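# Observations on the three-dimensional arrangement
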Amino acid sequence: MLGLMQSQQLLISSLIDFAERHHGEGEIVSRRVEGDIHRCSYKDIARRSRQVANALDGMQLAFGDRVATLAWNGYRHLELYFGVSGSGRVLHTLNPRLHPDQIVWIANHSEDQVLCFDMSFLPIVKAVHARCTTIKHFIALCDATNLPADSGIPGLQSYEAWMGNQAAQYAWPEFDENSASSMCYTSGTTGNPKAALYSHRSTILHAWAGAMPDALNMSARDSVLPVVPMFHVNAWGLPYSAAMTGAKMVFPGPAMDGKSIFDLIESEKVTFAAGVPTVWQMMLGHMQQGGLRFSTLKRTVIGGSACPPAMISAFNDDYGVEVLHAWGMTEMSPLGTVCTLKNKHLSLDASQKMAVRIKQGRGIYGVDMKIIDEKGEELPWDGKAYGDLLVKGPWVIREYFKGEGGSPLVKGWFPTGDVATIDADGYLQITDRSKDVIKSGGEWISSIDVENIAMAHPAVAMAACIGMKHPKWDERPVVVVVKKPGADLAREELLAFFEGKTAKWQIPDDVIFIDAIPLGATGKMQKVKLRETLKDYHLPTA
Ligand code: AMP
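Predicted model, so just to flag it, every value in this text is computed and none were measured. (Residues numbered from 1 in each chain as written. Predicted model: local features only at pLDDT ≥ 70, side-chain atom pairs only at ≥ 80, totals over all residues. Heavy atoms only, no water.)

### Quick look at unusual backbone geometry
Defined as follows: Helix and strand assignments follow DSSP, with helices taken as H or I runs no shorter than four residues and strands as E runs no shorter than two, numbered in order from the N terminus. Type-normalised accessible area, obtained with a 1.4 Å probe on protein chains alone, sets the label of each residue: buried when under 20%, exposed when over 50%, and partly exposed for intermediate values.
In this chain, Ser333 is followed by Pro334 through a cis amide linkage whose omega measures 5 degrees. Even without being a glycine, Val233 presents a positive backbone phi close to 45 degrees. Here Val233 lies in helix 8 (residues 233-236). On the basis of relative accessible area, Val233 is assigned to the buried category, the value being 1%.

### Thoughts on the pairing of strand 1 (residues 27-31)
Put simply, the test is: Two strands form a pair only when DSSP identifies at least two bridges running between them.
Buried residues dominate strand 1, accounting for 4 of its 5 residues. By the bridge criterion, 5 bridges tie strand 1 to strand 2 (residues 37-41) in an arrangement that is antiparallel. Pairing of Ile28 across the sheet is with Cys40, part of strand 2. Between strand 1 and the antiparallel strand that follows it, strand 2, lie 5 residues; Gly35 among them carries a positive phi value of about 105 degrees. Of the strand pairs in this sheet, strand 1 and strand 11 (residues 248-251) are connected by 3 bridges, and their pairing is parallel. For Ile28, the partnering residue across the bridge sits in strand 11 and is Met249.

### What about the sheet that holds strand 25 (residues 510-513)?
We count it as follows: The axes used here are C-alpha line fits, helices contributing only the stretch in contact, and every angle between their N-to-C directions lies in the interval 0 to 180 degrees.
Pairing in this open sheet of 3 strands is mixed, and the strands run 23-24-25 from one edge to the other. For this open sheet the edge positions go to strand 23 (460-470) and strand 25, each flanked by a neighbour on one side alone. Across the sheet, the axes of successive neighbouring strands diverge by a mean angle of 30 degrees, strand direction being ignored. As paired elements, strand 23 and strand 24 (residues 474-483) share 10 bridges and run antiparallel to each other. Paired with His470 across the two strands is Asp474, which belongs to strand 24.

### Structural notes on the side chain of Arg89
Note the cut-off: Counting of polar contacts relies on pairs of N or O atoms within 3.5 Å, with two restrictions inside protein: one atom must be capable of donating a hydrogen and the other of accepting it, and residues adjacent in sequence are counted only when both atoms are side-chain atoms.
With respect to the element layout, Arg89 can be found in the loop between helix 3 (75-86) and strand 4 (90-93). At a separation of 3.0 Å, a polar atom in the side chain of Arg89 contacts the side chain of Ser87.

### Digging into the packing of helix 10 (residues 258-267) against helix 11 (residues 277-290)
Test applied: Reported orientations rely on four angle classes, namely roughly parallel under 35 degrees, roughly antiparallel over 145, roughly perpendicular from 65 to 115, and oblique for the rest. Here, two residues are considered to be in contact whenever any of their heavy atoms come within 4.5 Å of each other.
Where helix 10 contacts helix 11, the axes come no closer than 8 Å and their chain directions differ by 80 degrees. Regarding the angle of helix 10 to helix 11, the classification is roughly perpendicular. Between helix 10, through Gly258, Lys259, Ile261, Phe262 and Ile265, and helix 11, the contact on the second element is made entirely by Trp280, Met282, Met283, His286 and Met287.

Structure representation (structure tokens):
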């Protein structure tokens, strides 16, 4: 017997409809590329999202066509979040920090039809547009007066001219909630970048779970600052959870330095902020230097890399701000665990509480997880046994876009490439990474890409790229090199060889010359052994 409840598809358009109707006056504040502060409301965002949808219809874009963005966090990007997905197209948020060649590869792979970009990314668009073979329309996120006359980009239009005169009415289409809504490429795996393709259903369920009290605890009383970029896993779902709860949104634009972020928190009475540890380190440094205090900030979610315990205590003890240490992945929309205390922890002393808070946290409802040993046997939740971490749930991918990399699932579970323990209370702690990648300031560096570039140098016989701990960036790459017999190669020469072949920040910080790289039985480089050999090494940049 079926239940007798209405079956309404879970669509992203319903979020902005809700925000408009119930929180129409709710504020959206953005620091713009132009440098000024822009203010509008959910009512404005809703109307302009519908205008975007009309403009996309006018371009004859089909259902499921990809619309790409190269944009900072701001109100126009938010309008595209709702206008593109709400009208049945797929929002593809490109990462502007990548090398132009990587951007071209990704845009062509995703077959983007439209590219909307912030003016600060004009140089990138100039460098890539001729090679992006599927993009038919280039839209600069500015008004007509700021549009450069001589960009050399064919048919370039300003966003305001493109959507500003469109009708404010639009009937959001109804379709299957499993339809694709947005996509994000990740280099957090080996091989080419791969895309997680989110659906309307996965996005809404994730936003719902993310807003819950034991997750990010969002409400209409919050003023929310996502420092985490909207091009990185939909800013951890915050734009959707904010519309669902009617929270005020504050967008930092391109200004991510400590002073700009602190000033915005104070001027916009931010209660909740989200970002990777590197961003908070810059902000705490600025505050410590100036003897500054927060007046409204209550909590901050920190994830993307392990949050250093000293950062948790600085926020908590020095500034009275609760840190929600969280773990997730692009492939998980991204939320998997958030560290909030249980009732039994409340009576613990400060150091015992801290021992809980430094963990990555408890699984939120909707994400199931387990750890397994090399034979695939499930390990106990005792806080000691560590193994490969697997997850499943309605906002975890089942495969990558276009089937890249084959089926990633192991008996229905997604292998995260992280190694973890889980304790008896269900708190996850990441202890290591089995995937061969490096994360610097919240962004991936593919060790394989670095190795391939080094190997292309005529004096290099073998190269291994490994991540080394760095106080600001969490990890930085170094390349360990075996020279060809009789070859002469200096550190500086090899580092110069990387110039122009990869993004500047992906170039290794150092070269270590070594006689031999340890190899396993199958000839694979044994990086665990290599790291062990180099355990006393200190980065020159640290
Ligand atoms: P991304 O797909 O870029 O969001 O990166 C996801 C990966 O970042 C995870 O698989 C982890 O390796 C790492 N990561 C994310 N959050 C944390 C955290 N709180 N602690 C340690 N590693 C993390």
